[in-house]
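# Report on the structure
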Amino acid sequence: MIARLEFLRLRRSRRPLLAIGALLFFLGMMLLGFYTYAQTETGGGASFRYTFENSSYFNGLTFSLYAFYFGCLLILPIFAATEAGTQLAGDSASGRLRLMLTRPVSRSRIFLWKLCVMLSTSAFLVGCLLAFSLSLGLIFVGWGDLDLYPGVLQMSARHQHLTQSQALLAFLLAWPAATISLLAPLSFSVLIATWAKNGVNAVGISVSAYLVLYVLAEIHFFKELRPWLFTSSMSYWRELFREEVNWGEVFEQGARLLGFSCLFLALALRRFRTREEL
Amino acid sequence: MKSVGGGPGIELLLLLAAALCFCFVAARRVSAPLTFEPVAREADVLRVVTWNLGTGVDAGTQGLRREDMKRVVAVLMALEPDLVFLQELSSKGQLDRLRERLGPDWQASMSDSGHGRPMAVLACGGSLSELPTPEFIRAHAVEYRGSAGELITCVVVHADAFSAQARNQTLGELSSYLDSRVVGGRTLIAGDMNLDLSIDQRGDLFSDDEYLDLETYNYFARGRMDVGLGAGSTAKPDRRLDYIFIGAGEFDVLMAGPWLGQRAAEMDHHPLVADLRATGTE
């Protein structure tokens, strides 16, 4: 009953549609940037004569990987924060939550169903980002083998050459892996939403806090802090794009993210169960 | 409003799951950067050292100082290497003095001073013969014939410290030069390449040239193996500037990394050392 209601409300809110629209816009801009960059680097504009970048390097799979990388780290966490803020703080501010609680249903149950809706939405959006980026890469650039060079997006320490089928399998595995990585910012946003007074505050605080943590994890100055930040493991799914996948590393980073997620969710549930709904 | 039962159990389960995940992460062995510690080696193992002997900015960036010579000799004698690639010597006379102190088994070949401070290749045992290197390449190439008759083309290189484009030109042209040489034997290229990269880590704020140097590194590393990859920084404060490259499949790398704590106070580079075994000789 709660689940049906929540999914119905999600559909009527058109938030997933808006998110898909934003993803398509992002991918369009990425495609434009990819074209112009590839032309500069492989044409007469290259100022460095000796380079690994050539026309076969810039193919549809490289585009998909670049787009997926930035989408997962910078775009999808914003949608996750929006969903959490709307589902919890938004419902609380509008009085919907109080209305739901007039029925004989536990708060934990409401929380868990809302979490299910958020998780499903996140997994759906990760899948959409992956499907759209691969499709656009195929239509506008064309697939091929995937070459990853050391240093580029910190994808690999050694040159990796993946055949097209190996790369597509890696993309497929990246779907659940990236969904797990999105679970951490989602849970973080859920925790903030249980404390916020309304949806706008919750989304604003979540997005800003995520960006601060992301920047801290990226900047070399703060490398000692990295083990304590969930944002430093967010792109762990890159490990899947290897000739020989280091599964130990994949599981370690995945477990780190799941650990943070469970911790945030436990704290969020505690707060959700015990706070006053006025 | 009163909370309804079931919640504390779920919270406890979530906390337990979090604890299990973190325990799993903590139990995984944390791999520290590899460093080199000199140990006895078998006769067929080739020990290679590259070392920029100059002083850092704090000491006015000069070549090997007279007072540091004793330290350098002590380190090289402790390592007992077969091949040494040195950068930032001060003069030909200094190299001669260094060779004399190392002992009669040592051979040396030095670049002319057309590319800034001289660099040199030294070999213990075997023989060295100089190879013609194009004027515009900041490198010095020699052919080393070991006591067992093995032939290795050795190149010491010192790329520009201040221009990513100059580094690209030096290493790109060196790569083309080596590719064009159709000779038998193996290849060793070592030196201070001044490529400050964060290959599989987050970006370093030290240099704006990083993404440009990536182009150079990836171009140069094609068909070669970066022996010091995964080892820690080779120069202060926290930079990996020194490299040893071998032809892919030509050697097995037994151990490689900077030997820390050996540089004299004013020097800014650690010696980078590698133990290599030529493939097919075990």
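Shown above is the structure to which this text applies.
The rules behind each value
For every chain, the first residue of its written sequence is number 1, and the numbers climb from 1 along that sequence. Following the order in which they are written, the chains are lettered starting with A and the ligands numbered starting with 1. Predicted model: local features are reported for residues with pLDDT of at least 70 only, side-chain atom pairs are reported and counted for 80 or more only, and whole-chain, interface and lining totals are derived from all residues. Side-chain numbers here rest on the full set of heavy atoms in the structure, without hydrogens or water. Residues enter patches when they are more than 30% accessible in relative terms and free of salt bridges; like-charged ones are connected within 9 Å and nonpolar ones (Val, Leu, Ile, Met, Phe, Trp, Tyr) within 5 Å. What sets the accessible areas is the Shrake-Rupley method with a 1.4 Å probe; for residues, cover comes only from the shown protein chains. We count a salt bridge whenever a side-chain nitrogen from Lys or Arg sits within 4 Å of a carboxyl oxygen from Asp or Glu. In this charge count, Lys and Arg are treated as positive and Asp and Glu as negative; neither His nor the chain ends contribute. To locate a charge, take atom NZ for lysine, CZ for arginine, CG for aspartate or CD for glutamate. Helix and strand definitions here come from DSSP, where helices need a minimum of 4 consecutive H or I residues and strands a minimum of 2 consecutive E residues; each element is numbered from the N-terminal end. In plain words, nonpolar cores are sets of buried Ala, Val, Leu, Ile, Met, Phe, Trp, Tyr and Cys residues tied together by side-chain atoms within 4.5 Å. For each residue, the accessible area found with a 1.4 Å probe, counting protein chains only, is set against the maximum for its type, and the residue is called buried under 20%, exposed over 50%, and partly exposed in between. Two residues qualify as a contact provided that any one of their heavy atoms is within 4.5 Å of a heavy atom in the partner residue. In this scheme Phe, Tyr and Trp rings, the latter by its six-membered ring, pair at centre separations within 6.5 Å, and the angle between planes marks the pair as stacked below 30 degrees, edge-to-face above 60, and tilted otherwise. To sit over a ring, a charge needs its Lys NZ or Arg CZ within 6 Å of the ring centre and within 35 degrees of the ring normal. For two strands to pair, DSSP has to find at least two bridges joining them. Each axis is a line fitted through C-alpha atoms, and for a helix only the stretch in contact is used; angles between axes span 0 to 180 degrees, taken between their N-to-C directions. Accessible area that two parts lose when put together, evaluated with a 1.4 Å probe and summed over both, is termed the buried area.

Take a positive patch on the surface next. A surface patch of positive charge is lined by B:Arg66, B:Lys70, B:Arg97 and B:Arg101. On the secondary structure map, B:Lys70 appears in helix H2 (residues 69–79).

Core analysis: the biggest nonpolar cluster contains 90 residues, and A:Phe68, A:Leu76, A:Phe230, A:Trp237 and A:Phe241 have the highest contact counts within it. Setting aside residues up to four positions removed in sequence, A:Phe68 forms contacts with A:Val126, A:Leu129, A:Leu130, A:Ala174, A:Ala178 and A:Trp237. Within the second largest apolar cluster, 25 residues are counted, among which are B:Val73, B:Leu86, B:Trp259 and B:Met267.

Applying the stated criterion across every chain yields a total of 22 aromatic pairs over all chains. When the ring of A:Tyr69 is compared with that of A:Phe70, the centres are 5.2 Å apart and the planes differ by 85°; the resulting orientation is edge-to-face. Taking the relative accessible area as the measure of exposure, A:Phe70 reaches 27% and is therefore partly exposed. Pairing A:Phe260 with B:Phe22 gives two aromatic rings, centres 5.3 Å apart and planes at 80°, and the pair type is edge-to-face. Of the two residues, A:Phe260 sits in helix H8 (residues 247–274) while B:Phe22 sits in helix H1 (residues 7–27), which places them in two different chains. Using a relative accessible area of 30% as the deciding quantity, one classes B:Phe22 as partly exposed. Taken together, A:Phe188, A:Tyr210, A:Tyr214, A:Phe230, A:Phe260, A:Phe264 and B:Phe22 form an aromatic cluster joined through their ring pairs. The ring of B:Phe251 carries the charged tip of B:Arg186 above its face, separated from the ring centre by 5.8 Å.

Taken as a whole and judged by the stated rule, the model has 22 salt bridges over all chains. In this structure, the salt-bridge partner of A:Arg242 is A:Glu239, at a minimum N-O distance of 3.4 Å. B:Asp179 is paired through a salt bridge with B:Arg224; the nearest N and O atoms lie 3.5 Å apart. Pair noted here: B:Asp179 is in helix H4 (residues 164–180) and B:Arg224 is in strand S9 (residues 224–226), with a separation of 45 residues, a long-range link. Of the residues examined, B:Asp179 reaches a relative accessible area of 57% and is grouped as exposed. Residues joined by salt bridges that share partners form a network here, namely A:Glu6, A:Arg9, A:Asp91, A:Arg96 and A:Lys114.

Attention now goes to the sheet that holds strand S8 (residues 186–192) of chain B. Residue and element names in this part refer to chain B. Ordered in space as S5-S6-S7-S8-S10-S9, the six strands form an open sheet in which the pairing is mixed. Both edges of this open sheet fall to strand S5 (127–130) and S9, since each of them pairs with a single strand only. Neighbour to neighbour, the strand axes of the sheet diverge by 25° on average, direction disregarded. As defined by bridge partners, S5 adjoins strand S6 (residues 139–145) across four bridges and the pair is classed as antiparallel. When the sheet's bridge partners are listed, Leu128 is paired in S6 with Tyr144. Packing against the sheet, H4 makes contact with S6, strand S7 (151–158), S8 and S9, and its axis sits at approximately 165° to S7.

The next point concerns the environment of A:Ala193. Residue and element names in this part refer to chain A. Tracing the backbone through its elements, the reader meets Ala193 in helix H6 (residues 164–195). Residues Ala193 and Ala170 lie 23 residues apart in sequence; the distance between their C-alpha atoms is 34 Å. Contacts of Ala193, omitting those with residues within four sequence positions, involve Ala84, Gly85, Leu88, Ala89, Ala202 and Arg275.

This part covers the sheet that holds strand S2 (residues 83–87) of chain B. Residues and elements named next belong to chain B. With mixed pairing, six strands are arranged side by side in an open sheet as S3-S4-S2-S1-S12-S11. With one partner strand each, in any of the chains shown, strand S3 (106–110) and strand S11 (251–258) form the two edges of the open sheet. Taking the axes of each pair of neighbouring strands and ignoring which way they run, one obtains an average angle of 15° across the sheet. Here five bridges tie S3 to strand S4 (residues 120–124), and the two strands are oriented antiparallel to one another. In the strand pairing of S4, Gln107 is matched with Ala123.

You can see B:Met69 is positioned in helix H2. In this structure the C-alpha to C-alpha distance between B:Met69 and B:Asn52, which are 17 residues apart in sequence, comes to 13 Å.

This part covers the interface of chain B and chain A. As a measure of interface size, the accessible area lost when the parts come together is often cited. Each side of the interface is counted separately: chain B has 42 residues, and chain A has 51 residues. Buried surface at the junction of chain B and chain A, summed over both partners, amounts to about 4,200 Å²; 60% is from carbon and sulfur atoms. For the pair chain B and chain A, the interface holds three salt bridges. The closest approach of N and O atoms between A:Glu249 and B:Arg28, which form a salt bridge, is 3.7 Å.

Let's shift gears to the side chain of A:Thr194. All names here are of chain A. Relative to the assigned elements, Thr194 resides in helix H6. The exposure class of Thr194 is buried, given its relative accessible area of 0%. Beyond its immediate stretch of four places on either side in the chain, Thr194 contacts Leu88, Ala268, Arg271, Phe272 and Arg275.

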